[in-house]
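# A look at the structure
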Amino acid sequence: MSRTDTLLLLDFDGTVAVGHGPVHAYARAAASSLDPDARRAFLAEATAAVDALGDPAPTGHTAGRAAGRTAGRADARGASADGLLPLDGYDLVRVLAERHGVGPLALSAAYLASRHALGTDDAPVSAPLGLAAVLAEVRTEATVVLATNAPAIRLPETLAALGLAGLLDGVLTEVGKPAGMAAVLDRLGVAPAGPVRALSVGDVWANDLAPVAARGHATALISRRPPPEARPTWTVPDLPALYPALREWVRADGRTAPSQPQPQPARVPARVTTEG
């Protein structure tokens, strides 16, 4: 196999950039549309809920001053109106904000404000420990592409601060996962029968991995409590835990997963989150 027919597809938020700084920034911006009492109540609830998500560890380079972190892991509280649990931290804040009366226009503005703060002291993130070295190693045998639902706002600056500048062969923004992943996979040649074999790595099964698994390719879910519908090739608590399998997969001479069985076909959900 060669670089051109081996693809490593990475998510951004929660995968390459970890930490809840941008989500807290989103909550603070959303709270600004509320009156003082409602603002305090919402921020207290949102801060506690996001902190309860825990923090991936270990981390390396940081963009922005590292914020205090809460150990452990708890369920994201509160289902949305459709009865579904939040997909990620951004989705969790959205659900709580809507309960407190924050409207869609205010939430959209708050999301953009959080992205303008990305990688600053107001929204710090870190790279998983050792990621730059691993990417430099696997890029000799694989093409590495970042695909995110987020806009390009402050993405180059944050990637540089995380020590990842020059280690990605492509950066795709505003992808519109999960539905938009079909166009991305077509563009990159990821079909059920080749010519490119792919490994997609992310923290949201529905957005980052299900569309890739549906085409019969390898997936790695970063989650300490994966959803019951998830069928990834690997499940790991943080990205560094995937490094040995990632190295083996890159060198596997065409096999999807050298240490685990072929993933089962997956149904691609329609739900989407702006984070990714």
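Everything quoted here is computed from the prediction, not taken from an experiment.

## A look at the overall build of the chain
Within the chain, the regular secondary structure consists of 9 helices and 8 strands. Look at the contacts in the chain between residues 6 or more apart in sequence, and 72% of them connect residues 24 or more apart. Carbon together with sulfur atoms contributes 56% to the accessible area of the chain, which is approximately 11,500 Å² in total.

## Structural notes on the nonpolar core
Core analysis: the largest hydrophobic core is formed by 36 residues, its most contacted members being Leu 8, Leu 10, Leu 135, Leu 199, Val 201 and Leu 242. Considering each element in turn, this core owes the most residues, 5 residues, to helix 9 (residues 243-250). Leu 8 has contacts with Leu 135, Val 138, Thr 143, Val 144, Val 145, Leu 199, Val 201 and Leu 246, leaving out every residue within four places of it along the chain. Residues Ala 29, Val 50, Leu 96 and Tyr 111 belong to the second largest nonpolar core, which totals 22 residues.

## Some thoughts on unusual backbone geometry
The linkage connecting Lys 177 with the following residue, Pro 178, adopts the cis geometry, with an omega of 0 degrees. Take Pro 178: it is sitting in the loop between strand 5 (170-172) and helix 7 (181-187). A positive phi angle, close to 60 degrees, is found at Arg 154, a residue other than glycine. You can see Arg 154 is positioned in the loop between strand 4 (143-147) and helix 6 (155-161).

## What about the confidence of the model for the chain?
The predicted coordinates ought not to be read in detail in places where the model reports low pLDDT. Per-chain confidence: the chain averages 86 in pLDDT, with 80% of residues scoring 70 or above. Across residues 67-83, where pLDDT falls below 50, the model places 35 contacts with residues more than four positions away in sequence or in other chains.

## Some remarks on helix 9
Residues of helix 9 that are buried: Tyr 243, Ala 245, Leu 246, Trp 249 and Val 250. All buried residues of helix 9 lie within an arc of 160 degrees about the axis, which places them on one face of the element. Structurally, helix 9 contributes buried residues whose contacts are with strand 1 (6-10), strand 3 (125-128), helix 5 (131-138), strand 6 (197-202), strand 7 (218-222) and strand 8 (234-236).

## Observations concerning the sheet that holds strand 7
Pairing is parallel in the open sheet, where 6 strands are placed in the order 5-4-1-6-7-8. Looking at the sheet topology across the chains shown, the edges are occupied by strand 5 and strand 8. Across the sheet, the mean angle from the axis of one strand to that of its neighbour is 20 degrees, orientation sign disregarded. The strands touched by helix 8 (residues 205-213) within the sheet are strand 1, strand 6 and strand 7, with strand 7 carrying the most contacts at an inclination of about 165 degrees.

## Quick notes on the pairing of strand 7
Most of strand 7 sits out of view: 5 of its 5 residues are buried. Going residue by residue along strand 7, you find Ala 218, Ala 220 and Ile 222 tucked away on one face and Thr 219 and Leu 221 tucked away on the opposite face as well. Pairing geometry for strand 6 and strand 7, over 4 bridges, is parallel. Looking at strand 7, one finds that Gly 202 is bridged to Leu 221. As for the winding sense of the linkage, the β-α-β connection from strand 6 through helix 8 to strand 7 is right-handed.

## A look at the packing of helix 2 (residues 36-51) against helix 3 (residues 89-99)
Orientation of helix 2 relative to helix 3, taken along the N-to-C sense of each, is 155 degrees, at an axis distance of 10 Å. When the axis of helix 2 is compared with that of helix 3, the two are roughly antiparallel. Between helix 2 and helix 3 the crossing geometry is right-handed. Here helix 2 contributes Phe 42, Glu 45, Ala 46, Ala 49 and Val 50 to the contact with helix 3, which in turn contributes Leu 92, Val 93, Leu 96, Ala 97 and Arg 99.

What counts, and at which threshold
Residues numbered from 1 in each chain as written. Predicted model: local features only at pLDDT ≥ 70, side-chain atom pairs only at ≥ 80, totals over all residues. Heavy atoms only, no water. Helix = DSSP H or I, 4+ residues; strand = E, 2+ residues; numbered from the N terminus. Contact = heavy atoms within 4.5 Å. Areas by Shrake-Rupley, 256 points an atom, 1.4 Å probe, with all protein chains shown as cover. Core = buried A, V, L, I, M, F, W, Y, C linked by side-chain atoms within 4.5 Å. Buried < 20%, exposed > 50% of the residue type's maximum accessible area, 1.4 Å probe, protein only. pLDDT = per-residue confidence, 0-100. Arc of directions from axis to C-beta. Pairing = 2+ DSSP bridges. Axes fitted to C-alpha atoms, helices over the stretch in contact; angles between N-to-C directions. Right-handed = clockwise from strand over helix to strand, strands pointing away. Parallel < 35°, antiparallel > 145°, perpendicular 65-115°, else oblique. Left-handed = near helix turned anticlockwise from the far one by under 90°.

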